[in-house]
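Overview (structure and organization)
Each chain, written out:
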Amino acid sequence: MDTGIQMIELLVDGISRGLVFALLGVGITVVFGLGGVLNLALGVFSVIAIILGVELLGLTGTLFAAIPIAVLAVALLGLAVDRSLLSLVYRSEGDERILLGIFTTLGLATFLDGLLFITYPSSYSLSSGISSLSVAGIQIRGSSIAVIGVAVAVFAVLYYFFSRTYLGGAMRTVLQDETGAILCGISPRRMRTYVFLLSTSIAGIAGILYSFTFEVSVATGFELTIYAIIVSIVGGVTSVLGAAIAGLLLGIVVTFTSAFVGAYISEIVLFGVAIAVLIVRPEQIK
Amino acid sequence: MSAQHTLSGLSWDRLRIPVVVAVLAVLPVFFFNPSYTYISRLFILALVFATLALALNIVFGHTDQLFLFVGALTGLGAYGTALTADALGVSPWLTMLIGATLAGVLGGLVCYVAARRRFTVILIAILTLALQLAIIETFVGARDITAGSTGFRFSGLGLEPLQNALGVYDHVVLYYVVLALLTGVMVLYHYIQHSKYGMAFDAIRQDEIAAEAIGVNVVRYKTLAGFTSAFIIGLVGPLYAQLDSLVLPAMFEFSVIDVLVLIILIVGGIRTMLGPIVGAAVIVYINEELQAFGQWRTVVFGFLLIVLFLYFRSGIVPFLDDVLNERLGLKSTIKSIVTD
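Overview of the structure.

The rules behind each value
- Residues numbered from 1 in each chain as written.
- Chains lettered and ligands numbered in written order.
- Predicted model: local features only at pLDDT ≥ 70, side-chain atom pairs only at ≥ 80, totals over all residues.
- Helix = DSSP H or I, 4+ residues; strand = E, 2+ residues; numbered from the N terminus.
- Rg over C-alpha atoms; globule rule 2.2 N^0.38 Å.
- Buried ≥ 20, exposed ≤ 12 C-beta atoms within 10 Å, placed from the backbone.
- Contact = placed C-beta atoms within 7 Å.
- Nonpolar A, V, L, I, M, F, W, Y, C, P; charged D, E, K, R; others polar.
- Axes fitted to C-alpha atoms, helices over the stretch in contact; angles between N-to-C directions.
- Parallel < 35°, antiparallel > 145°, perpendicular 65-115°, else oblique.
- Left-handed = near helix turned anticlockwise from the far one by under 90°.
- Core = buried A, V, L, I, M, F, W, Y, C linked by C-beta atoms within 7 Å.
- Bend = angle between axes of the 7 residues up to and from the residue.
- Expected span 1.5 Å × (residues − 1).

1. A closer look at the overall build of chain A
In terms of regular secondary structure, chain A is built from eleven helices and two strands. Relative to a compact globule of 286 residues, whose C-alpha radius of gyration would be 19 Å, chain A shows 19 Å and is just as compact. Seen through its C-alpha atoms, chain A measures out along the principal axes to roughly 60 × 45 × 35 Å. When each of the 286 residues of chain A is scored for burial, the buried share is 49%. Considering only contacts in chain A between residues 6 or more positions apart, those separated by 24 or more positions represent 75%.

Printed below as a string of structure tokens:
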């Protein structure tokens, strides 16, 4: 086996994993940046999307129907959580809200994990249905093509949304200056609802993409949340672009370390990077 | 001072520890039975979790530093004790201090860095959560040293001679050992609350900048709180392992230890001495009642976590304290006795 080719194949794997990490990181970043809530239940939304995707695929027979419906359903669940739980959390301010956010979303994650595990105790994955591609002797997995394609499209939409649409602009205003936003007639609470919908939808998409490559069980949900938080920290917590770049880089680093050193070392590297960033640059995180 | 002293008057404040310890000490007489170790295991587990929650109470309750790696610290204590005892060929009773110091130093270091770098509560939470996962991952991955996810047997903390002399079974001895530790932690907690440390902690928690301005060394006190809590948690580790005669990574996971300890602390009442004990009793009991429902247990705990934090953050002990004081008029009675 030619090492050059192997490197490129690993790089493609790394990019594909990195883009999923990036999406997850954005899911944490937007909600924390706009609402001050660290959503420890994010990964559970991903798992729910995967399980719904598998079930809907069985019903409809096509991924083109299954995935959008699954993501929509997860977004609606997000709406329900925002209206009920998060409304109570947003009542408090400052440190108190942050603590409440941590504990209620941790409770929600535990609650939903328990519910899911009762009906879905095994592992699940989806097949992208795209066959592998061979370019100049380099094997590219079908799942990688699907992941990269969809993730890039999602990021393009996100970029357009945040830079060109009124709603996206309004959301960024709240992020920068809440009082100013209120004076402009923008309701921060409403923006927080939208952003939570956005976050859970992204988590749903990220989960489905993740399941193209990896088997996912209910327990994976917490793992995904942790990846998301690490990416978000490394990317600067309130920057969508930062999260995207951090996700991509971490995905590549993890793929290479797990290929050459070992899977458990790669996880520790991931935590190590997060811990280092926290210690070196805490001021970037409010 | 704060709520837990309202019932006080001096008498209750001084009697509290002896009364509680006496009650806990007679429980085995009624409930322990060598042919039914299941029950005695639950009692020991409740004491173990009460001690963990009381330790977390110092660092989280009193200095607002949220530790989300109680499980990892417990594990460090257990692995540190067991592995060094093995390597040095000495009794784990001696190496317990090494395990606890290991945990304590990590806890102190985290708080030192966090205080120096002015971490907010969310940063400490994320930092310790990352450490929790990294440490568990190391227990699983460093197979040559830790025997990986299957773990190893550990039973060096029995006191066979004493056990045989008294003619009791192993759980009785372990129960009193854990109770002794819990008593020690209660005394320490009481001391902290009534010393300059307690005042410094209160000052820091209420307004860090103001505390610093009047000359409280914030970094030092926060580090001290972190070390103390982590050291105690590290001491509990090997005793927790002794209960099931096992050391394996899954015992120390976030979902197994931290979630439970947090619920216990909040149910019982944060910033109270008796809260963790009441909370541990209630939660271990609920956990047991739900055993038959399998996975529904997780659902219930998740629900509890949400509801408790949203609506019942004061906890059982402060709640009862208030009820006794306000509705029964105990406060004025005690006050009149004290002032007379």
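After that view, the rundown keeps rolling.
2. Things to note about the overall build of chain B
From N to C terminus, chain B includes 16 helices and two strands. The C-alpha radius of gyration of chain B comes to 20 Å, within 12% of the 20 Å expected for a compact globule of 340 residues. Expressed as lengths along the three principal axes of its C-alpha atoms, the size of chain B is roughly 60 × 50 × 40 Å. A total of 340 residues make up chain B; the buried ones form 48% of that total. Sequence-distant contacts, at least 24 apart, represent 79% of the contacts inside chain B between residues at least 6 apart.

3. What about the interface of chain B and chain A?
Taken together, the 31 residues of chain B in the interface contact 35 residues of chain A. Where the side of chain B that touches chain A is concerned, the elements lending two or more residues are helix H5 (121–141) and helix H14 (296–311) of chain B. For the side of chain B that touches chain A, the leading source of residues is H5(B), giving 14 residues. Split by residue class, the side of chain B that touches chain A holds 22 nonpolar, six polar and three charged.

4. Examining the packing of helix H2 (residues 42–60) of chain A against helix H9 (residues 220–234) of chain A
All names here are of chain A. As a packed pair, H2 and H9 sit with axes 7 Å apart at the nearest point and diverge in direction by 130°. The orientation of H2 relative to H9 falls into the category oblique. Between H2 and H9 lies a crossing whose hand is right-handed. Contacts from Leu42, Gly43, Val44, Ser46 and Val47 of H2 reach H9 at Thr220, Gly221, Phe222, Glu223, Leu224, Thr225 and Ala228. Here the residues of the contact of H2 with H9 sort into six nonpolar, five polar and one charged.

5. With respect to the nonpolar core
The biggest cluster of nonpolar side chains holds 206 residues, and the ones touching the most others in it are Leu24(A), Ile230(A), Val231(A), Ala274(A), Phe49(B), Val261(B) and Ile263(B). Filtering out sequence-adjacent residues up to four positions away, Val231(A) remains in contact with Phe21(A), Ala22(A), Leu24(A), Gly25(A), Ala243(A), Ala246(A), Gly247(A) and Leu250(A).

6. What about helix H3 (residues 63–90) of chain A?
In H3(A), a bend of some 40° at Asp82(A) exceeds every other bend along the element. Three or more residues of H3(A) are buried, namely Ala66(A), Ile67(A), Ala70(A), Val71(A), Val74(A), Ala75(A), Gly78(A), Val81(A), Asp82(A), Leu85(A), Leu86(A) and Val89(A). Considering only its buried residues, H3(A) is in contact with H2, helix H4 (94–119) and helix H8 (188–213) of chain A together with H14 of chain B.

7. Quick look at H9(A)
All names here are of chain A. Helix length check: H9 (15 residues) gives 21 Å between terminal C-alpha atoms against 21 Å at 1.5 Å per residue, within 8%. Of all 15 residues in H9, 14 are buried, a share of seventy percent or more. The positive-phi residue at the C-terminal boundary of H9 is Gly236, with phi of around 105°.

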